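# Examination of the molecular architecture
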Amino acid sequence: APLDLDLDLVVIWSGASASTGPRVQRYLAWTDRASFVRESEVLVDAFAADPIVALRAARRLLERMASDAGLDYRTPALDQIADLAEAHGGAGKPSGAGGGDIAVAVLPDADARTAFIQACAARGLAQVPVTLYRRGSARHPGTASGGTP
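These remarks concern the structure in this document. Worth saying up front: this structure is predicted, and the values here are computed from it rather than measured.

Conventions we followed
Residues numbered from 1 in each chain as written. Predicted model: local features only at pLDDT ≥ 70, side-chain atom pairs only at ≥ 80, totals over all residues. Heavy atoms only, no water. Helix = DSSP H or I, 4+ residues; strand = E, 2+ residues; numbered from the N terminus. Buried < 20%, exposed > 50% of the residue type's maximum accessible area, 1.4 Å probe, protein only. Contact = heavy atoms within 4.5 Å. Areas by Shrake-Rupley, 256 points an atom, 1.4 Å probe, with all protein chains shown as cover. Expected span 1.5 Å × (residues − 1). Core = buried A, V, L, I, M, F, W, Y, C linked by side-chain atoms within 4.5 Å. Pairing = 2+ DSSP bridges. Axes fitted to C-alpha atoms, helices over the stretch in contact; angles between N-to-C directions. Parallel < 35°, antiparallel > 145°, perpendicular 65-115°, else oblique. Nonpolar A, V, L, I, M, F, W, Y, C, P; charged D, E, K, R; others polar.

What follows covers the overall build of the chain. When you go through the chain residue by residue, the secondary structure sums to 6 helices and 4 strands. For the chain, the sequential pattern of α-helices and β-strands runs α-β-α-α-α-α-β-β-α-β. Counting all 149 residues of the chain, 40% fall into the buried class. Contacts spanning at least 24 positions in sequence make up 67% of the contacts within the chain whose residues lie at least 6 apart. Surface accessibility of the chain: about 8200 Å² in total, with carbon and sulfur atoms responsible for 55%.

Written out as structure tokens, the structure is:
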């Protein structure tokens, strides 16, 4: 079933900031980027059909890339967030360059979402409130009724 991004996407703060620059430099020095990008594009395309399966695969792909490129991508908190998402029937992965900051998760339904958020909070991992709008929706700021793109 298509993901209701207004309801089922969750962003969790890992409790630590990350320094993006060094990770980006190491990634740019990695020689197998083309393969990683191709595999990532396949997962982006698959996300609409099955976001949970695609996000789980993206997590594994990112972990493999980080290991192969020698990137310090994972942290215990980021792993814990992704593991909690999977334990609640969803998927999660670090967002951005990794090493801290936030993780994103998708959950199969509102009950799983609530349980995941509670499990994170019990471990000191706070939800970051976000609101996503589909382009063209009446609430999207890029629509005629909501402003200019």
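In this model, helix 4 (residues 51–69) (19 residues) spans 26 Å end to end at C-alpha, consistent with the 27 Å of a helix rising 1.5 Å per residue. Taken together, the buried residues of helix 4 touch helix 2 (20–29), helix 3 (33–47), helix 5 (76–87), strand 2 (91–94) and strand 3 (102–106).

Okay, the nonpolar core next. If you look at the biggest cluster of nonpolar residues, it comprises 16 residues, and the most contacted ones within it are Val10, Ile12, Ile81, Leu107, Phe116, Cys120 and Leu125. Every element with two or more residues in this core is listed here: strand 1 (9–13), helix 5, strand 3 and helix 6 (110–122). When near neighbours in sequence (up to four residues on either side) are disregarded, cysteine 120 contacts Ile12, Leu84 and Leu125. In this structure, Leu43, Leu62, Met65 and Leu71 belong to the second largest nonpolar core, which totals 12 residues.

Let's shift gears to the environment of glycine 15. Summarising the element assignment, glycine 15 is placed in the loop between strand 1 and helix 2. The sequence separation of glycine 15 and alanine 77 amounts to 62 residues, and the corresponding C-alpha distance is 7.7 Å.

Right, let's talk about the sheet that holds strand 3 for a bit. One open sheet holds the 4 strands; their spatial order is 2-3-1-4, and the pairing between them is antiparallel. The sheet is open, and its two edges are formed by strand 2 and strand 4 (127–128), each paired on a single side. Examined bridge by bridge, strand 1 and strand 3 share 5 bridges and lie antiparallel to one another. Looking at strand 3, one finds that isoleucine 12 is bridged to alanine 103. Taken strand by strand, helix 5 contacts strand 1, strand 2 and strand 3, and its axis lies near 165 degrees from that of strand 2. In the packing of helix 6 onto the sheet, the strands contacted are strand 1, strand 3 and strand 4, and the crossing angle to strand 1 comes to about 0 degrees.

In the contact formed by helix 2 and helix 3, the axes pass within 9 Å of each other and the chain directions differ by 105 degrees. One element, helix 2, and the other, helix 3, form an angle in the roughly perpendicular class. Counting all contacts with helix 2, which are made through Tyr27, Leu28 and Ala29, the residues of helix 3 involved are Arg33, Phe36 and Val37. The residue makeup of the contact of helix 2 with helix 3, split by class, is 5 nonpolar, no polar and 1 charged.

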